[in-house]
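Okay, here's what each chain looks like letter by letter:
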Amino acid sequence: CGYIPRDGDLGCARAAPTTLISVMLYAIQTFLCLRLTQQKGATIRSIAAVTAVPLAQLLFSREGDLAEALSSRSLLGLVLCLSGFALYSLADTGRETQKR
């Protein structure tokens, strides 16, 4: 798109804020994943990273006519990833309770 869109380029004015939001979210996610690795370990960091793609697709599938298609497989992947996160959290909590 650039400053002067070519003929036929649609949605350039809307693309800039969406792109900026995407870059900011991924930067925040990278920082949080590094922090998560330091605090909890690589397993939980991997689960968190796997949820990023379906969550991003969910976010960008909500924007108007030119939105990304959201398939049932993507939603299933998101549910599976979040379920893994929940199971890991429950197991970690149970392990800490047994240590006390």
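Residues numbered from 1 in each chain as written. Predicted model: local features only at pLDDT ≥ 70, side-chain atom pairs only at ≥ 80, totals over all residues. Heavy atoms only, no water.

Novice: Residues and numbers for the overall build of the protein chain, please.
Specialist: Within the protein chain one finds 3 helices and 0 strands. Order of helices (α) and strands (β) in the protein chain, N terminus to C terminus: α-α-α. Classification of the 100 residues of the protein chain by burial places 18% in the buried group. Considering only intrachain contacts with a sequence separation of at least 6, the fraction spanning at least 24 residues in the protein chain is 47%. For the protein chain, the accessible area works out to roughly 7,900 Å², and carbon and sulfur atoms hold 64% of it. (Helix = DSSP H or I, 4+ residues; strand = E, 2+ residues; numbered from the N terminus. Buried < 20%, exposed > 50% of the residue type's maximum accessible area, 1.4 Å probe, protein only. Contact = heavy atoms within 4.5 Å. Areas by Shrake-Rupley, 256 points an atom, 1.4 Å probe, with all protein chains shown as cover.)

Novice: Describe the layout of surface pockets, naming the residues involved and giving the relevant values.
Specialist: The computed volume of the largest pocket comes to approximately 290 Å³. As for the largest pocket, its lining consists of 14 residues, and the residues nearest its centre are Leu25, Tyr26, Gln29, Ala52 and Leu55. Those elements giving two or more residues to the lining of the largest pocket turn out to be helix H1 (12-39) and helix H2 (42-60). The residue makeup of the lining of the largest pocket, split by class, is 12 nonpolar, 2 polar and no charged. (1 Å grid on protein atoms, 1.4 Å probe; cavity = no way out; pocket = protein on both sides within 12 Å on 5 of 7 lines; lining within 4 Å. Points joined across faces, edges and corners; volume = space filled by probe spheres on them. Nonpolar A, V, L, I, M, F, W, Y, C, P; charged D, E, K, R; others polar.)

Novice: So what's going on with H2? Which residues, and what values?
Specialist: Helix length check: H2 (19 residues) gives 28 Å between terminal C-alpha atoms against 27 Å at 1.5 Å per residue, within 8%. Looking at H2, one finds that the buried residues are Ile44, Ile47, Ala48, Thr51, Ala52, Pro54, Ala56, Gln57 and Phe60. (Expected span 1.5 Å × (residues − 1).)

Novice: Before we move on, could you go through the environment of Gln29 and cite the residues and values that matter?
Specialist: Structurally, Gln29 is set in helix H1. Here Gln29 is in contact with Ala48, Ala49 and Ala52, once residues within four sequence places are set aside.

Novice: An account of the environment of Tyr88 is requested, with residue identities and associated values reported.
Specialist: Take Tyr88: it is sitting in helix H3 (residues 72-99). Linking Tyr88 and Ile44, residues 44 residues apart in sequence, is a C-alpha distance of 7.5 Å.

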